[in-house]
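# Survey of secondary and tertiary structure
For reference, the chains in residue letters:
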Amino acid sequence: MKARTRARSVALQALYEIDLVNHPPAEVLQHRLEEENLSPDLAEFARRILFGVLPLRAKLDEVIARYAPEWPLDQIAPIDRNLLRMAAWEFAIQKDTPVKVAINEAVELAKAYGSDSAPRFVNGVLGSLAQHQNELAQMVRKAQAQD
């Protein structure tokens, strides 16, 4: 696994745990980083993803549901839901990662952690979201300004 993919994997594992059992984010990240030997800059990258996605989960979920209505969020596997949140955040909010890279990374992580159908599902939903990335960013930023 490439270095940044490993950092995304740490963030994904932390988001998954927090999503399922609501453990304290900082503790979850610390435990994950202790298990995965990442350089300081990669650990910071994982931290940025985690703490970038967490406060925006509800808004990201709303946007995912809007542009992928055939997939109700409560029926999406938690690992897939968090992959979608991460990638959408990366290409629409953070914007340091090109859309294609964010999608490819999410698909690779779906292959590693998801079901057999997860990579195709994640690719399809993110492809739909990518077509609306500017709207996605505006919706989330508007919600942030209101909070």
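Analysis parameters
- Residues numbered from 1 in each chain as written.
- Predicted model: local features only at pLDDT ≥ 70, side-chain atom pairs only at ≥ 80, totals over all residues.
- Heavy atoms only, no water.
- Helix = DSSP H or I, 4+ residues; strand = E, 2+ residues; numbered from the N terminus.
- Rg over C-alpha atoms; globule rule 2.2 N^0.38 Å.
- Buried < 20%, exposed > 50% of the residue type's maximum accessible area, 1.4 Å probe, protein only.
- Contact = heavy atoms within 4.5 Å.
- Areas by Shrake-Rupley, 256 points an atom, 1.4 Å probe, with all protein chains shown as cover.
- Salt bridge = Lys/Arg side-chain N within 4 Å of Asp/Glu carboxyl O.
- Expected span 1.5 Å × (residues − 1).
- Arc of directions from axis to C-beta.
- Axes fitted to C-alpha atoms, helices over the stretch in contact; angles between N-to-C directions.
- Parallel < 35°, antiparallel > 145°, perpendicular 65-115°, else oblique.
- Left-handed = near helix turned anticlockwise from the far one by under 90°.
- Nonpolar A, V, L, I, M, F, W, Y, C, P; charged D, E, K, R; others polar.
- Phe/Tyr/Trp six-rings, centres within 6.5 Å; stacked < 30°, edge-to-face > 60°.
- Lys NZ or Arg CZ within 6 Å of the ring centre and 35° of its normal.

## Thoughts on the overall build of the protein chain
- When you go through the protein chain residue by residue, the secondary structure sums to eight helices and zero strands.
- Along the protein chain, from the amino end to the carboxyl end, the secondary structure elements read α-α-α-α-α-α-α-α.
- Against the compact-globule benchmark of 15 Å for 147 residues, the protein chain has a radius of gyration of 14 Å, which places it among compact chains.
- The proportion of buried residues among the 147 residues of the protein chain is 48%.
- Once local pairs closer than 6 in sequence are excluded, the contacts in the protein chain between residues at least 24 apart make up 75%.
- Approximately 7600 Å² of the protein chain is accessible, and the part contributed by carbon and sulfur atoms is 49%.

## Topic: the pattern of salt bridges
- One pass over the structure, following the stated rule, counts twelve salt bridges.
- Notably, a salt bridge pairs E44 with R47, separated by 2.7 Å at the nearest N-O pair. Highlighted residues: E44 and R47, both in helix α3 (residues 40-53), separated by three residues, approximately one helical turn.
- Taking the relative accessible area as the measure of exposure, R47 reaches 34% and is therefore partly exposed.
- One salt bridge connects K59 with E62, and the closest N-O pair in it is separated by 2.9 Å. Of this pair, K59 and E62 both sit in helix α4 (residues 57-67), separated by three residues, roughly a single helical turn.
- The class of E62 is partly exposed, set by a relative accessible area of 42%.

## Examining helix α7 (residues 118-130)
- The terminal C-alpha atoms of α7, which comprises 13 residues, lie 18 Å apart, in line with the 18 Å expected from a rise of 1.5 Å per residue.
- Listing the buried residues of α7 in full gives A118, P119, F121, V122, V125, L126, L129 and A130. For α7, the angular spread of the buried residues around the axis is 160°, confining them to a single face.

## Describing the environment of A68
- Mapped onto the secondary structure, A68 falls in the loop between α4 and α5 (78-94).
- Taking the C-alpha atoms as reference, A68 lies 7.9 Å from L129; in sequence the two are 61 residues apart.

## A look at the packing of helix α2 (residues 25-35) against α3
- Following both chains from N to C, one finds α2 and α3 inclined at 150°, their axes separated by 11 Å at the closest point. As the angle between them shows, α2 and α3 are arranged roughly antiparallel. Between α2 and α3 the crossing geometry is right-handed. In this structure, α2 contributes P25, A26, L29 and L33 to the contact, and α3 contributes A43, R47, L50 and F51.
- Grouping the constituent residues of the contact of α2 with α3 by class yields seven nonpolar, no polar and one charged.

## Considerations on the packing of aromatic side chains
- The full count for this structure, using the stated rule, is zero aromatic pairs.
- Over the ring of F45 we find R4, and its NZ or CZ is 3.8 Å from the ring centre.

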